[in-house]
Amino acid sequence: MRKLIISNLSHSFDEREVLKSLSFAFDGARLAVTGPNGSGKSTLLKIMAGLLLPICGEIVFEIDGVKIDRSYIKSFVGLAAPDIRLYNELTARENLKFLAAARGCKCDISAVLEEVGLLDRENDPVGDLSTGLQRRACLAAALLHDPTVLLLDEPSTNLDGKGRQMLHEVIEKRSETGIVVLATNDPDEAAMCDEWLDLGACA
Amino acid sequence: MKNIKRQSGFGNIVRSAWAVFAKDLICELRARNAISAIILFAVTSVIAVSFTSSVWGGDSDISSALLWLVIYFSAMSGLSRSFVHEDEASTSGTLKLAAQPNAVYLGKLAFNWAIMIAMELVAVPLFVLFMSCKIADWGMFTALLIIGGLALAVSATMAAAMVARAVVKGALFAVISFPLLIPVLASAVHGTSLAMSGQNAASDLRLLVYYSITIITTSLILFKFIWED
């Protein structure tokens, strides 16, 4: 049993209201968040990840009847988003090693790099990787601590065919026991999900 | 799926802070975002000061004031980068997700202190040499430089975190830092002058230690609210 409950959630940047009294309940493994640019998809994912505090309202994740405590939310979520980047000066492996040490967890870095197809480029500085490979590295960072909730913001952007295939496999695998939330405007990706939350319709 | 709860014990915060420090150090050694500017500024100022003011090298009051001016302005030219660079490179989100706020503060503080010591290792011997300074108490002089550097770093780290969100970062950093650092500069200049002339500077050193402890404690309480949105 996996649940996501959004209650009366609002957020704004200065005067601009991005999310307005959003309420939504989801019971499943894969949720697509859709909507036009500026409708608040990325903001919603950042609030879910604990990176932004909403002005009001709350988001609750429930796995097998156990609520995830918001004060520990960053331990349970993995977020891959275009504006959350790794350190260009470090290699992909060094980045993951740093993130594992910062989180205080013993993670299988090689397994994660292999999962995203980056094992053969693990010793290249992230700044030297192509944009698509950088997206894979960011995905690896989101998967590193084996999160219960995986949040992916426009995950297939800049990915080639193989990359998209890898991404679909990751989504399949992670949604077997956890929740995957995809912010996307790609109909193929949205079609993989159990339910859609259209922020354009909510506005 | 297994969950790894974020550990919040002191040992885990220290290990996490060490990871942040090591990461910053490796990135700095590879990209040289701050250290080049700081050392260049320090060396240039020491040389400029020595050309015009070397006649006062024997006056401990003037020498210590000039020395700390060089250290202060060199520090201001680079320490603000610690958080600004994270925002500019879009890595602050990664750091926020991975490390607890206190671990980030302590890691950044350790990195800024290391930068201060590196700058002092270059600038102070040059200053002493070019200004022909006479140091009567080398032990106290060195201790004041190390602890004074820490006191500058603790305030600069907190100020850097605050200004990272602002639009006019450079100017704001100087404005916020200056009032915070007046007690540090006053004690450091006075203590260094006493150490140069062979008098007891223990009270100034103690004040710098107490100041650093106070600001670190306050920062550990407040940093979470500055760092997290």
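This text goes with the structure placed above it.
Okay, so let's go over this structure.

As a further point, take the overall build of chain A. Each helix and strand counted, chain A has eight helices and nine strands in total. For chain A, the C-alpha radius of gyration of 16 Å lies close to 17 Å, the compact-globule estimate for 203 residues. The principal-axis extents of the C-alpha atoms in chain A amount to approximately 45 × 35 × 35 Å. Taken across its 203 residues, chain A has 57% of its residues classed as buried. Total accessible area on chain A is roughly 8,600 Å²; 48% of this is exposed by carbon and sulfur atoms. Computed over 22 positive and 31 negative side-chain charges, the separation of the two mean positions in chain A equals 3 Å.

Residues and elements named next belong to chain B. Taking 1.5 Å per residue as the helical rise, helix α1 (residues 10-31) with its 22 residues ought to reach 32 Å, and the 31 Å between its terminal C-alpha atoms agrees with that figure. All of the buried residues in α1 are N12, I13, S16, A17, A19, V20, F21, K23, D24, C27 and E28. Directly after α1, the chain includes R32, whose backbone phi takes a positive value near 50 degrees.

Adjacent strands of a sheet form backbone hydrogen bonds with each other and so pair up, either parallel or antiparallel. Residue and element names in this part refer to chain A. Judged by pairing direction, the sheet is parallel, and its five strands sit side by side in the order β6-β7-β8-β3-β9 without closing on themselves. For this open sheet the edge positions go to β6 (77-80) and β9 (195-198), each flanked by a neighbour on one side alone. Strand-to-strand twist in this sheet, taken as the mean axis angle between neighbours without regard to direction, amounts to 15 degrees. Pairing of strand β3 (residues 30-34) with β9, which is carried by four bridges, proceeds in the parallel orientation. Its bridge partner lying in β9, A32 is registered against W196. The strands touched by helix α1 (residues 41-49) within the sheet are β3, β6, β7 (149-153), β8 (179-183) and β9, with β7 carrying the most contacts at an inclination of about 155 degrees.

This brings us to a nonpolar patch on the surface. Residues B:I47, B:F51, B:L129 and B:F130 make up a contiguous nonpolar surface patch of about 430 Å² in total accessible area. Note that B:L129 resides in helix α6 (residues 101-130).

Consecutive side chains of a regular strand alternate in pointing toward one face of the sheet and then the other. Residues and elements named next belong to chain A. The alternating pattern of β6 places V77 and L79 on one face and G78 and A80 on the opposite face, and all of these are buried. Strand direction decides the pairing type here: β6 and β7, joined by four bridges, are parallel. Bridging from a neighbouring strand, L79 pairs with L151 of β7.

Once that is clear, we can look at the packing of aromatic side chains. Aromatic rings considered in pairs are described by the distance between their centres and by the relative angle of their planes. All names here are of chain B. With the rule as written, the count across this model stands at eight aromatic pairs over all chains. Ring plane angle 85 degrees and centroid distance 5.6 Å describe the contact between W138 and F141, whose orientation is recorded as edge-to-face. Placement of the pair is W138 and F141 together in helix α7 (residues 138-163), with a separation of three residues, close to one helical turn. Take F141: its relative accessible area is 1%, and that puts it in the buried class. Considering the side-chain rings of F223 and W227, the 5.8 Å spacing of their centres and the 15 degrees angle between planes classify their relative orientation as stacked. With F223 and W227 both in helix α9 (residues 202-227) and four residues apart, this pair spans about one turn of that helix. A relative accessible area of 0% means that F223 is categorised as buried. Residue classification places W227 among the buried positions, given a relative accessible area of 6%. Members of the aromatic cluster, joined through ring pairs, are F83, Y105, F223 and W227. For the cation-ring pair, K96 lies above W227, with the distance from its terminal atom to the ring centre recorded as 5.1 Å. The cationic tip of K108 hangs over the ring face of F83; the distance from NZ or CZ to the ring centre is 5.5 Å.

The rules behind the values
Residues numbered from 1 in each chain as written. Chains lettered and ligands numbered in written order. Predicted model: local features only at pLDDT ≥ 70, side-chain atom pairs only at ≥ 80, totals over all residues. Heavy atoms only, no water. Helix = DSSP H or I, 4+ residues; strand = E, 2+ residues; numbered from the N terminus. Rg over C-alpha atoms; globule rule 2.2 N^0.38 Å. Buried < 20%, exposed > 50% of the residue type's maximum accessible area, 1.4 Å probe, protein only. Areas by Shrake-Rupley, 256 points an atom, 1.4 Å probe, with all protein chains shown as cover. Lys, Arg positive; Asp, Glu negative; His and termini not counted. Charge placed at Lys NZ, Arg CZ, Asp CG, Glu CD. Expected span 1.5 Å × (residues − 1). Pairing = 2+ DSSP bridges. Axes fitted to C-alpha atoms, helices over the stretch in contact; angles between N-to-C directions. Contact = heavy atoms within 4.5 Å. Patch = residues over 30% accessible without salt bridge, like charges linked within 9 Å, V, L, I, M, F, W, Y side chains within 5 Å. Salt bridge = Lys/Arg side-chain N within 4 Å of Asp/Glu carboxyl O. Phe/Tyr/Trp six-rings, centres within 6.5 Å; stacked < 30°, edge-to-face > 60°. Lys NZ or Arg CZ within 6 Å of the ring centre and 35° of its normal.

By themselves these figures say nothing about function.
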